[in-house]
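The primary structure of each chain is shown beneath.
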Amino acid sequence: MRRILRSVAAILTLAAATLVLSVTIATAGQTQAPPRANAALHVTAHGARKHHHHRHHRRHHRHHRRHRRQGAHKRSHTGVARRRAVRAALQCDGADLIPSQENLAVVRSATVCLVNRERTAHGERPLIVNGRLNRAAQGHTEEMITQDYFSHYSPAGDTPGSRIRAAGYIYSADLGYEIGENIAWGTRYLSTPSAIVEAWMASPGHRENILDARYRETGMGVVAAVPTSDGHGQPGATYTQDFGVLIKG
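My aim in this report is to walk through the structure given alongside it, one point at a time. Predicted model only: the values in this text are computed from it and were never measured. (Residues numbered from 1 in each chain as written. Predicted model: local features only at pLDDT ≥ 70, side-chain atom pairs only at ≥ 80, totals over all residues. Heavy atoms only, no water.)

## Let's talk about the packing of aromatic side chains
No. 1: With the rule as written, the count across this model stands at 1 aromatic pair.
No. 2: Look at Tyr 215 and Phe 243: their rings are 5.3 Å apart centre to centre, the planes differ by 25°, and that puts the pair in the stacked class. With Tyr 215 in the loop between α8 (204-211) and β6 (217-223) and Phe 243 in strand β7 (residues 236-247), this residue pair connects regions lying 28 residues apart in the sequence. Accessibility assignment for this pair places Tyr 215 and Phe 243 in one class, buried. (Phe/Tyr/Trp six-rings, centres within 6.5 Å; stacked < 30°, edge-to-face > 60°. Helix = DSSP H or I, 4+ residues; strand = E, 2+ residues; numbered from the N terminus. Buried < 20%, exposed > 50% of the residue type's maximum accessible area, 1.4 Å probe, protein only.)

Here you go:
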């Protein structure tokens, strides 16, 4: 569900530009007022998993994350410097484009590039674009526009899991998997790939999906429009990013 904080009204009295974050798997939200006017951005995140050998898998990752947290304090200054160096070295063409019908392929590529830049900066492997996840993400984005809603769950009851399964990514009931989804819409300058990924990284649920070490593949869907009931006629774009990993045997 989408939750808009009460503090938004106060921000609107100071500046017309508003950033609203909401996460379906957490109870917290965050707001920020960017320096320019007449723009808005909303994001939400979702995660789900099914694992074979479930107990062993979870024990392994609890240990892995504890180990990383213990070492993080000793390497904090080095880590910050390394992340800055990685971000400076990895440039993503089209990161500041406002999406349009003519540049959507570049926008999708730039958004994946920015997500992979964050993963690389935090010591995780880049995600590989998967055609079936692309179909699921693009289909959901288009449906949110045509049916005028903004949610991980469609009016007909479709979920990230059912969409990703229908796209053929989870192709067997014998597979273990973990999937996640981030969605966002933004207007004007807050609709660029850089603005969307920056907002996702500033919100715990979305950041967790982006930096999850278990994910191996991703799909990106972008439409150069905003759900009518949310965007109030402003130009902008709507994004869906799906994440996945299949566990065999």
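## Notes on the pairing of β6
No. 1: Along β6, 6 of the 7 residues are buried, which leaves the element largely enclosed by surrounding structure.
No. 2: Here 2 bridges tie strand β4 (residues 128-129) to β6, and the two strands are oriented parallel to one another. Note on β6: the bridge partner recorded for Val 129 is Thr 218.
No. 3: Where β6 meets β7, 7 bridges bridge the pair, whose relative direction is antiparallel. (Pairing = 2+ DSSP bridges.)

## Overview of the packing of helix α4 (residues 104-121) against helix α7 (residues 193-201)
No. 1: Following both chains from N to C, one finds α4 and α7 inclined at 35°, their axes separated by 9 Å at the closest point. As for the relative orientation of α4 and α7, their crossing is right-handed in sense. Facing Val 107, Ala 110, Thr 111, Leu 114, Val 115 and Glu 118 of α4, the residues of α7 in contact are Pro 193, Ser 194, Val 197, Trp 200 and Met 201.
No. 2: Considered class by class, the residues forming the contact of α4 with α7 number 8 nonpolar, 2 polar and 1 charged. (Axes fitted to C-alpha atoms, helices over the stretch in contact; angles between N-to-C directions. Left-handed = near helix turned anticlockwise from the far one by under 90°. Contact = heavy atoms within 4.5 Å. Nonpolar A, V, L, I, M, F, W, Y, C, P; charged D, E, K, R; others polar.)

## Side note on the nonpolar core
No. 1: Residues Val 197, Trp 200, Ile 210, Val 222 and Tyr 239 are the most contacted members of the largest nonpolar core, which totals 22 residues.
No. 2: Secondary-structure elements contributing two or more residues to this core are α4, α7, α8, β6 and β7.
No. 3: No other element matches α4, which puts 5 residues into this core.
No. 4: If you look at the next biggest cluster of nonpolar residues, it comprises 8 residues, including Leu 133, Ala 136, Ile 164 and Ile 170. (Core = buried A, V, L, I, M, F, W, Y, C linked by side-chain atoms within 4.5 Å.)

## What to know about the pattern of salt bridges
No. 1: In the structure shown here, the tally under the stated rule is 3 salt bridges.
No. 2: Notably, a salt bridge pairs Arg 214 with Glu 178, separated by 3.3 Å at the nearest N-O pair. On the criterion of sequence distance, the pair formed by Arg 214 in the loop between α8 and β6 and Glu 178 in strand β5 (residues 176-187) is long-range, its members being 36 residues apart.
No. 3: By relative accessible area, Glu 178 is classed as buried at 2%.
No. 4: Between Arg 214 and Asp 212 there is a salt bridge; the shortest N-O distance is 3.2 Å.
No. 5: Sharing partners across several salt bridges, the network here consists of Glu 178, Asp 212 and Arg 214. (Salt bridge = Lys/Arg side-chain N within 4 Å of Asp/Glu carboxyl O.)

## Considerations on the state of the cysteines
Structurally, a disulfide amounts to a covalent bond that connects the sulfur atoms of two cysteines.
No. 1: Considering all chains together, one arrives at 1 disulfide under this definition.
No. 2: Residue Cys 92 pairs covalently with Cys 113 via a disulfide, S to S 2.0 Å. Residues Cys 92 and Cys 113 are joined through a disulfide that is left-handed, its torsion about the S-S bond being -80°. Here Cys 92 is found in the loop between α3 (76-89) and α4, whereas its partner Cys 113 is found in helix α4, with 21 residues between them in sequence.
No. 3: For Cys 113, a relative accessible area of 27% translates into the label partly exposed. (Disulfide = S-S within 2.5 Å.)

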